[in-house]
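# Summary of the model geometry
So the chains spell out like this:
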Amino acid sequence: MTSAPPLAPPVADGTAPATPRASAPLLPGETAPRTTGAAAPHTTGGASALVTGGTPSLITSEALPLGGHLVHLPAAPPAGLATATAVVRDHLTRLGARFGPAEAPWRHAGPGAAPARDRYATAGPETVIGLGGPLPGLGTDLTLRGWPAGDASPFDETTAQAATGLMALHGRANGGPRPLGLDYLSTLAGVAATQALLAAALSGLRATPVRSVRLSVAETALFSLGPYVAAATADGGPEEVDSPPYRRTARPPFVSADGVRFEVEALDVQPWRDFWKAAGAPAKDIANSWRSFAARHARAASPLITTLAQSAARHSYADLQLLAERTGMGLCALRTLADRRADDDVRHDDDPWELRELSRDEGHPAAPHREPPPGALPLPLTGLTVVESTRHLQGPFATSVLRALGAHVIRIEPPGGDPARGAAPLAAGVSARYATLNAGKEVREADIRTAAGRRAVAEAVADADVFLHSWDPGEAARLRLDDEDLARVNPRLVYARAAAWDRAPGEQRPPGTDFMVQAWSGVADTVRTPDGGPAPSLVTLLDILGGHLAAESVLAALLARTSGAASGRLRVDTSLLGASRVLLRPQLRGLDELSAADRQPVAPLVAPTADGLIAIGGAAGEAAGGAAARAFAGPSGEPAGTPPATLATAPTAAWLKHFHAAGVPARDVVTDLAGLPKDPAFARNFTHDGCARPTPPWSFS
């Protein structure tokens, strides 16, 4: 693990044991120095126990925020929304909700409300999920669609990836637009839908009931991919990206002499230089490849000079591991889904977050119920304050979600500001990516390595509701800013951490960055290159999903605090590894759990038309599959050839009309993200302030 860089703790989650507390001035409210130690719990299916010195200090099941809530789901949502609905069901269940029959009356809106059999019908391109609170009158209907309201065309995951730019982003490292092979956007939408229902339940307890929420998979995708769109539309000079077909170049993962595929990570140029020099790569090629490698998180591409791959191929993996240990380079052999299924957290179906109610020290008052400020609450979290100390993507994205739901966010940055502010491309003199993630946040600068900086953090959280950080393991204790320290300042504070690896101790893990977790978790085994080999996507899939999950966990904790389900201190931990479990849950739990309606009998296809690229989804069900086959007869009814050859005979618009009439999901493939804000289908989902910025995906009423 690397040591803390100047001005701020690092965010890449290392693996070193917790650092002993350093001597530091007492925080406000602190009477005497003390040390703490606790064993990490192993969470199993929604309940866990933390034992410290033989005394239970955590029973998660007693703090389930949705205890007493009843959920209504349709028996069979539209096939294109099955994954998102399954995520909602799973997460609400883990948080304590019970499920009522879809045919039962559902009357949260008072006398005259339509019965469930009418309001939860699934004949159209949407599904409705109802969440009823334990108190009369507190209930919310969430309408989940594939496309934004007004677009009734057939929908599935493949066409969503095509239309929102994800296919193009993933294809930057794979020769051209390419489906991920995972229901990624549907998973994001399932988490975003859960966020909305939790926020609505919280708003109801704060005297502002939310009757309905609208959300679509496509709008969730645009919001989540916002930093990439911002970079493509920056007024100061948009990011330059080649047009497809892209030149295929050497890129991680590499292959050792004994056939081991492995990912590499270096958070600084020195380990990169030392490792490749020891491996025998030419010095010029090492230097010329560094900039591309370091920018891969932002650009979703990493074209490297082939001599690096050739150098790696001359050594066994064991020898490369020794070189990595000596030089500080991070290495991770790609693990398979079979490897992953044997891990304890998968076998026990661990929760994607760890919500813990911690015992209060004597003398700490119970957390009071905070009333909302006077006047209307336009958004569910209006009047609540979140303090963050995070960098890169996972943490800032989590707080951008909370801000989009109405929270006031105070961002702690090192003196001089977050270095990411100056990363190209620029919009109005600030990094377009940074601006998109941190727009509207209040920034306070503090050197948290100093007593004055720690006092500044304590002052910020004194009247806050949430503190979120993404520091390395042990860093919070070393800084005296862990949950117990800040509880002395604010006993009602929800303490949250967004990490790479779960808290539970285990074997040594590689540096905690998105691509390394993809490699270790089995995501890379599912996301494959055109030649069929496993490889992490260079889109930061887990950072984005991990940010969504961190926000979801904070909402769950706030609801537990406000509802009285928890009276002690609350802490929530999330991780990129937990995000990988959510994304891969169907594969890790076994495909036999999927119903026939959830499977795709027709493989998705991306192919050229007469004037562009078209993506045709895997149609759900035998009838739709037959429709897809018949549709290849062509817009004019001409005999079908092979699908790609047939598609090249007519323009995209003609094919879209033809496929949609047959009930087959199809969409033109976006290859230039700068065009998304101009697309009539999505223009209302963006504003422009130096760059295109996505609007929140939810609509509350």
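Everything quoted here is computed from the prediction, not taken from an experiment.

### Some thoughts on the overall build of the protein chain
Per the secondary structure count, the protein chain includes 27 helices and 25 strands. Relative to its full complement of 701 residues, the protein chain shows a buried share of 58%. A sequence separation of at least 24 residues applies to 75% of the contacts in the protein chain between residues at least 6 apart. Of the roughly 26100 Å² that the protein chain leaves accessible, carbon and sulfur atoms contribute 55%.

### A closer look at the pattern of salt bridges
By the definition in use, this model includes 37 salt bridges. Taking the shortest distance from any N to any O, the salt bridge between D345 and R581 comes out at 2.7 Å. Linking D345 in helix α14 (residues 344-347) with R581 in helix α23 (residues 576-583), this pair joins segments that are 236 residues apart in sequence. The salt bridge involving E354 is made with R356; its shortest N-O contact spans 3.6 Å. A relative accessible area of 3% places R356 in the buried class. Here the residues in one salt-bridge network are E354, R356, D483, E484, R569, R571 and D573, joined through shared partners.

### Section: the packing of helix α5 (residues 184-205) against helix α6 (residues 217-224)
Two elements in contact, α5 and α6, have axes whose closest approach is 9 Å; the angle formed by their N-to-C orientations is 95°. As the angle between them shows, α5 and α6 are arranged roughly perpendicular. Where α5 approaches α6, its residues L185, S186, L188, A189 and A192 are matched on the opposing element by V217, T220, A221 and S224. When the residues that make up the contact of α5 with α6 are grouped by side-chain class, the tally is six nonpolar, three polar and no charged.

### What to know about the sheet that holds strand β3 (residues 70-72)
Taking strand neighbours across the sheet as the criterion, the six strands line up as β4-β3-β5-β6-β7-β25 in an open arrangement whose pairing is mixed. In the strand order of this sheet, the two ends are held by β4 (98-100) and β25 (699-700), each with one partner. Where strand β6 (residues 139-145) lies against strand β7 (residues 212-216), five bridges are found, and the strand directions are parallel. Paired with D141 across the two strands is S212, which belongs to β7. Strands in contact with helix α1 (residues 82-94) are β3, β4, β5 (126-132) and β6; relative to β4, the strand with the most contacts, it is inclined by about 125°. Those strands touched by α6 are β6 and β7, and its axis lies near 70° from that of β7.

### Points about the pairing of β7
In this structure, β7 lies alongside β25, joined through two bridges in antiparallel fashion. Within β25, the position partnered with V213 by the bridge is F700.

### Here we look at unusual backbone geometry
The amide bond that connects A424 to the next residue, P425, takes the cis arrangement and shows omega of 0°. At A428, a position not held by glycine, the phi torsion is positive, near 55°. Structurally, A428 can be placed in the loop between β14 (426-427) and β15 (430-431). Classification of A428 by relative accessible area gives exposed; the value is 69%.

### Observations concerning the confidence of the model for the protein chain
Of all residues in the protein chain, 77% attain a pLDDT of 70 or more, and the chain-wide mean is 81. Looking across the protein chain, the model is least confident in strand β1 (residues 49-52), with a mean pLDDT of 29, and most confident in α6, with 98. With pLDDT under 50 throughout, residues 102-118 is counted as low confidence; its partners more than four residues away or in other chains account for 32 contacts. This stretch, residues 591-601, has a pLDDT under 50; its non-local contacts, to residues over four places away or in other chains, come to 15 contacts.

### Some words on the packing of α1 against α5
Where α1 meets α5, the closest approach of the two axes is 7 Å, and the angle between their N-to-C directions is 45°. The orientation of α1 relative to α5 falls into the category oblique. Like other packed secondary-structure pairs, α1 and α5 cross with a definite hand, here right-handed. Residues T83, A84, V87, V88, H91 and L92 of α1 form the contact with α5, whose own contacting residues are S186, T187, A189, G190, V191, A193, T194 and L197.

### A short note on the sheet that holds strand β22 (residues 666-668)
Backbone hydrogen bonds hold the strands of a sheet together, and the pairing may be parallel or antiparallel. Spatially, β20-β21-β22 is the arrangement adopted by the three strands of the open sheet, whose pairing is antiparallel. Each edge of the open sheet is held by one strand with a lone partner, namely β20 (605-608) and β22. Mean inter-strand twist for the sheet, computed between neighbouring axes without regard to direction, equals 20°. Taken together, the three bridges between strand β21 (residues 613-616) and β22 define a ladder with antiparallel strand orientation.

### Structural notes on the packing of aromatic side chains
The way to describe two aromatic rings as a pair is by their centre distance and the angle between their planes. For the structure on display, the rule yields 16 aromatic pairs. With a centroid separation of 5.1 Å and 70° between ring planes, the pair formed by F254 and W276 is classed as edge-to-face. One end of the pair, F254, is in strand β8 (residues 254-255); the other, W276, is in helix α8 (residues 269-279), and 22 residues separate them in sequence. As far as burial versus exposure is concerned, F254 and W276 are alike and both buried. Consider the rings of W501 and W520, whose centres lie 5.5 Å apart with planes at 75°: the pair is edge-to-face. Of this pair, W501 sits in the loop between β18 (494-499) and α20 (514-521) while W520 is found in helix α20, placing the two residues 19 residues apart along the sequence. The exposure classification of W501 matches that of W520, with both residues buried. Members of the aromatic cluster, joined through ring pairs, are F254, F262, W272, F275, W276, W290, F293 and Y317.

### Quick look at the side chain of H69
Along the chain, H69 turns up in the loop between β2 (55-59) and β3. With relative accessibility at 6%, the residue H69 sits in the buried group. Setting aside its immediate chain neighbours within four residues, H69 contacts A97, R98, L131, G132, G133, P134 and A201.

### Notes on the nonpolar core
Formed by 117 residues in total, the largest nonpolar core has its most connected members in Y184 and W698. The next biggest cluster of nonpolar side chains, apart from the first, holds 21 residues, and it includes V264, F275, L308 and A324.

### Regarding the pairing of β5
For β5, the buried fraction is high: six of the seven residues fall into the buried class. Pairing of β3 with β5 involves three bridges; the strand directions are antiparallel. Considered in β5, the bridge of L70 is made with G132. Where β5 meets β6, seven bridges bridge the pair, whose relative direction is antiparallel. Bridging across to β6, T127 finds its partner in L144.

Thresholds, definitions, all that
- Residues numbered from 1 in each chain as written.
- Predicted model: local features only at pLDDT ≥ 70, side-chain atom pairs only at ≥ 80, totals over all residues.
- Heavy atoms only, no water.
- Helix = DSSP H or I, 4+ residues; strand = E, 2+ residues; numbered from the N terminus.
- Buried < 20%, exposed > 50% of the residue type's maximum accessible area, 1.4 Å probe, protein only.
- Contact = heavy atoms within 4.5 Å.
- Areas by Shrake-Rupley, 256 points an atom, 1.4 Å probe, with all protein chains shown as cover.
- Salt bridge = Lys/Arg side-chain N within 4 Å of Asp/Glu carboxyl O.
- Axes fitted to C-alpha atoms, helices over the stretch in contact; angles between N-to-C directions.
- Parallel < 35°, antiparallel > 145°, perpendicular 65-115°, else oblique.
- Nonpolar A, V, L, I, M, F, W, Y, C, P; charged D, E, K, R; others polar.
- Pairing = 2+ DSSP bridges.
- pLDDT = per-residue confidence, 0-100.
- Left-handed = near helix turned anticlockwise from the far one by under 90°.
- Phe/Tyr/Trp six-rings, centres within 6.5 Å; stacked < 30°, edge-to-face > 60°.
- Core = buried A, V, L, I, M, F, W, Y, C linked by side-chain atoms within 4.5 Å.

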